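Coordinate analysis (summary)
One letter stands for each residue in the lines below.
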Amino acid sequence: MDELVTRDVGRAVATLRAGGLVAMPTETVYGLAADAEQPDAVQRVFEIKARPADHPLIVHLADAAAETSDLAGWAADVPPAARTLAATCWPGPLTMLLSRGPRVIDAVTGGRDTVGLRVPSHPVAHELLRRFGGGVAAPSANRFGRVSPTTAQHVVDDIGHLLDPDRDVVLDGGPSDIGVESTIVDLTVSPPQVLRAGAITADQIAVLVESGVADASGPSRASGMLAAHYQPSCRVVLAGDRREAHRAANAARAAGRRVGILDRTDDLVVAARQLYADLRRADAIGLDDLVVVLPPAHGIGVAVRDRLAKAAAS
Ligand code: TXA
Ligand code: MG
């Protein structure tokens with residue numbers, strides 16, 4: 001039997017071609033990748049994640065030459081704002097929703113007329129995609145609703161037992177640098193709408209597209225943007241500042257609960273990078289409650305607060 005975890009990109013390329021799954025590193029989080037044009041492989045991604053079929057997958061590309069008119073068949077219509085964002089933000093942590101092109105199969109989008117496209121910057125992901133040559137459909141490599149993985153070990157812990165070492169691989173590219181999922185921006189509406197916060201902020205996008213940007217408000221158009229998500233087993237309790245956190249922790253301790261406090265408000269980049277490892281660690285050490293001091297709502301702090309709100313939702 002082959003080892004599930006590998007650093008061998010050539011083996012991962014062969015795995016994709018053969019219709020197997022590759023848990024791949026990206027700069028945001030690890031994804032569970034299948035050849036986007038093999039319906040059976042895409043179907044297995046949904047099964048392993050236990051993900052509802054109407055939560056579409058992002059298609060990852062090696063480099064979607066922004067200058068070509070159709071993003072090589074993946075998008076049908078590429079408005080000027082999308083071209084600008086592709087030129088300035090790719091490769092990187094930005095997913096664009098565009099009207100789907102002829103290469104996009106129904107299994108990837110759940111039959112929608114839009115597709116999410118992203119060109120990751122992680123060097124191992126880039127090499128994998130370049131050598132593979134096609135698009136790979138990949139959600140985060142965690143069980144549906146749970147904490148996203150930012151290391152190969154996280155993937156093994158979550159879904160290793162569901163992967164087949166003779167068909168699938170976990171491609172180890174080290175810890176993800178950013179730590180929270182890509183910003184999702186819908187370019188099929190005007191002005192473009194940010195549906196998920198990430199390392200690239202709505203303000204940055206607004207400056208680039210010069211048309212203003214709407215923030216997702218009300219019921220989100222990205223299915224899968226559920227109120228509860230990214231959840232560890234312990235209860236996550238949010239606190240506005242350190243004093244409030246200590247008060248909440250003391251109250252919970254008095255009630256006999258095992259409590260930890262997480263405060264990474266002094267460095268937002270580290271707060272994002274470590275967020276999911278921190279949530280996993282709370283479970284690993286058997287906490288009942290993790291009290292988290294919310295980081296300020298600027299820069300990547302917006303994305304961290306978004307994930308924490310969903311981790312805390314019941
Ligand atoms: O950083 C990321 O984006 C990571 C890495 C692996 O690239 N991927 C990721 O995928 O976070 P996932 O599937 O966990 O989250 C993608 C979200 C889901 O909520 C999905 O429903 C939504 O994007 N989505 C994808 N395609 C869509 C579409 N065509 N229309 C609406 N929502 C879409
Ligand atoms: Mg996810």
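Residues numbered from 1 in each chain as written. Chains lettered and ligands numbered in written order. Predicted model: local features only at pLDDT ≥ 70, side-chain atom pairs only at ≥ 80, totals over all residues. Heavy atoms only, no water.

All right, on to the domain arrangement of the protein chain then. Structurally, the protein chain comprises domain 1 (5-215) and domain 2 (235-312). Centre-to-centre, using C-alpha coordinates, domain 1 lies 28 Å away from domain 2. Listed as interface residues are 19 residues of domain 1 and, on the opposing side, 12 residues of domain 2. On the domain 1 side of the contact with domain 2, Val 147, Val 180 and Ala 197 bury the most area, a combined 37% of that side's loss. At the boundary of domain 1 and domain 2, one finds three salt bridges. (Domains from an automatic or database assignment. Contact = heavy atoms within 4.5 Å. Buried area = accessible area lost by both parts, 1.4 Å probe. Salt bridge = Lys/Arg side-chain N within 4 Å of Asp/Glu carboxyl O.)

Moving on, we come to unusual backbone geometry. Looking along the chain, the bond that leaves Trp 90 and enters Pro 91 is cis, with omega of -5°. With respect to the helices and strands, Pro 91 occurs in the loop between α3 (80-89) and β6 (94-100). That bond from Ser 190 to Pro 191 is cis: its omega, -5°, falls within 30 degrees of zero. Structurally, the position occupied by Pro 191 is in the loop between β10 (183-186) and β11 (193-196). Despite not being glycine, Ala 50 has its phi angle at roughly 55°, a positive value. (Helix = DSSP H or I, 4+ residues; strand = E, 2+ residues; numbered from the N terminus.)

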